[in-house]
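The lines below spell out each chain.
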Amino acid sequence: SGPEVVKDKYNFELVNIPFDHPARDMQDSFFIDDTTLLRTHTSAIQAMVMEKSNGKPIKIICPGKCYRRDDDDMTHSHQFAQIEGLVIDKNIKLSDLKGTLELFAKSMFSKDSKVRFRSSFFPFTEPSVEVDISCFKCKGKGWIEILGAGMVHPNVLKMNGYDPEVYSGFAFGVGIERVAMLRYGIDDIRRFYYNDIKVINEFNKKVED
């Protein structure tokens, strides 16, 4: 876990998003002053952990609330929750990432779930992928986009005290609400924030089941 108010250094710079990078505009942040903001992703926690690890292997899960300037609708919220995973060690490969996400998909949705990688771009990973899971509601006849992932960018490793010639790693990030909406058939992200007792009670029943 980590703070929700962070320095630009951790939210952007140490994850390979310099001051003039267009990804800053994509995330449309809530800045408190020139160097401080509400974190836009839990990658800020990853940067803090890497900085303190002194170049040693790490395996972490980072859950928490994030904030971006966004118009609230059925699928978007200015406040949302993420879980990110980060592994750094010697000989970490893309196949390790795929195996980890396959295990996640089978545990969360269905033992028959499969994952599919599609090429994408994120500043902090190279190569980067969008990850789909086989549709657990239509018996594998379609695909559902669920998260972004990739191999930790060599620049990120260098900036955080790792030798990219020796160490490699993978990272992934998934929206908690998105997983809950898929798993429990919730049609509107705003239902998580309305405090409607009927929805809360129904959700509790589904969790117990």
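Structure shown above.
Read on for an overview of the structure. (Residues numbered from 1 in each chain as written. Predicted model: local features only at pLDDT ≥ 70, side-chain atom pairs only at ≥ 80, totals over all residues. Heavy atoms only, no water.)

A word on the overall build of the protein
So, step 1. Per the secondary structure count, the protein includes seven helices and nine strands.
So, step 2. What you see for the protein is a C-alpha radius of gyration of 18 Å, in line with the 17 Å of a compact globule of 209 residues.
So, step 3. Expressed as lengths along the three principal axes of its C-alpha atoms, the size of the protein is roughly 50 × 40 × 30 Å.
So, step 4. Looking at the protein residue by residue over its 209 residues, the buried ones come to 43%.
So, step 5. In the protein, the proportion of contacts linking residues at least 24 apart, taken out of those at least 6 apart, comes to 61%.
So, step 6. Accessible surface, the protein: about 11600 Å² in total, of which carbon and sulfur atoms supply 53%.
So, step 7. Each charge sign in the protein was given a centre, from 29 positive and 31 negative side chains, and these centres are 7 Å apart. (Helix = DSSP H or I, 4+ residues; strand = E, 2+ residues; numbered from the N terminus. Rg over C-alpha atoms; globule rule 2.2 N^0.38 Å. Buried < 20%, exposed > 50% of the residue type's maximum accessible area, 1.4 Å probe, protein only. Contact = heavy atoms within 4.5 Å. Areas by Shrake-Rupley, 256 points an atom, 1.4 Å probe, with all protein chains shown as cover. Lys, Arg positive; Asp, Glu negative; His and termini not counted. Charge placed at Lys NZ, Arg CZ, Asp CG, Glu CD.)

Focus: the sheet that holds strand S1 (residues 5–7)
So, step 1. Strand order in this open sheet of three strands is S1-S3-S2, and the pairing throughout is antiparallel. Strands with a single pairing partner mark the edges of an open sheet, and in this sheet they are S1 and strand S2 (31–33). Neighbouring strand axes in the sheet, compared pairwise and without regard to direction, differ in orientation by 30° on average.
So, step 2. Relative to strand S3 (residues 36–38), S2 is paired through two bridges, and the arrangement is antiparallel. Within the sheet, the bridge partner assigned to Phe31 lies in S3 and is Leu37. (Pairing = 2+ DSSP bridges. Axes fitted to C-alpha atoms, helices over the stretch in contact; angles between N-to-C directions.)

Concerning the layout of surface pockets
Gaps left between atoms show up when a probe the size of a water molecule is rolled over them.
So, step 1. Here the largest pocket is characterised by a volume of approximately 1300 Å³.
So, step 2. Lining the largest pocket are 47 residues, and of these Arg68, Phe80, Gln82, Phe122 and Gly173 lie nearest its centre.
So, step 3. Where the lining of the largest pocket is concerned, the elements lending two or more residues are helix H2 (23–27), helix H3 (43–52), strand S5 (79–89), strand S6 (115–122), strand S7 (125–134), strand S8 (143–152), strand S9 (168–175) and helix H6 (176–184).
So, step 4. In terms of residue count, S8 provides more of the lining of the largest pocket than any other element does, seven residues in total.
So, step 5. Classifying every residue of the lining of the largest pocket by side-chain character gives 24 nonpolar, 14 polar and nine charged.
So, step 6. Reported here for the second largest pocket is a volume of approximately 240 Å³.
So, step 7. The wall of the second largest pocket is formed by 15 residues, among which Ile83, Phe104, Met108, Val174 and Val179 lie closest to the centre.
So, step 8. Looking at the lining of the second largest pocket, the elements that each hand over two or more residues are helix H4 (94–108), S9 and H6. (1 Å grid on protein atoms, 1.4 Å probe; cavity = no way out; pocket = protein on both sides within 12 Å on 5 of 7 lines; lining within 4 Å. Points joined across faces, edges and corners; volume = space filled by probe spheres on them. Nonpolar A, V, L, I, M, F, W, Y, C, P; charged D, E, K, R; others polar.)

Things to note about the nonpolar core
So, step 1. Ranked by internal contacts, the top residues of the largest apolar core, which has 21 residues, are Leu101, Ile146, Leu147 and Ala149.
So, step 2. Of all the secondary structure elements, the ones that give two or more residues to this core are H4, S7, S8, S9 and H6.
So, step 3. No other element matches the five residues that S8 contributes to this core.
So, step 4. In contact with Ile146, other than residues within four places in its own chain, are Phe104, Phe109, Val131, Ile133, Val174, Arg178, Val179 and Leu182. (Core = buried A, V, L, I, M, F, W, Y, C linked by side-chain atoms within 4.5 Å.)

As for the packing of aromatic side chains
So, step 1. Under the defined criterion, the tally for this structure stands at three aromatic pairs.
So, step 2. Consider the rings of Phe122 and Phe124, whose centres lie 6.1 Å apart with planes at 5°: the pair is stacked.
So, step 3. For the pair Tyr162 and Tyr167, a centre-to-centre distance of 5.7 Å together with 75° between the ring planes defines the contact as edge-to-face. Like Tyr167, Tyr162 is buried. (Phe/Tyr/Trp six-rings, centres within 6.5 Å; stacked < 30°, edge-to-face > 60°.)

Quick word on the pattern of salt bridges
So, step 1. Here the structure, examined in full by the defined rule, presents seven salt bridges.
So, step 2. When the shortest N-O distance is used, the salt bridge between Asp112 and Lys111 registers 3.6 Å.
So, step 3. Note on Lys111: relative accessible area 65%, which makes it exposed.
So, step 4. Residue Arg191 pairs with Asp187 through a salt bridge whose shortest N-O separation is 2.7 Å.
So, step 5. Relative accessible area serves as the criterion here: at 36%, Arg191 is assigned to the partly exposed category.
So, step 6. Three or more residues joined by partner-sharing salt bridges are found here, namely Arg116, Arg118, Asp132 and Glu145. (Salt bridge = Lys/Arg side-chain N within 4 Å of Asp/Glu carboxyl O.)

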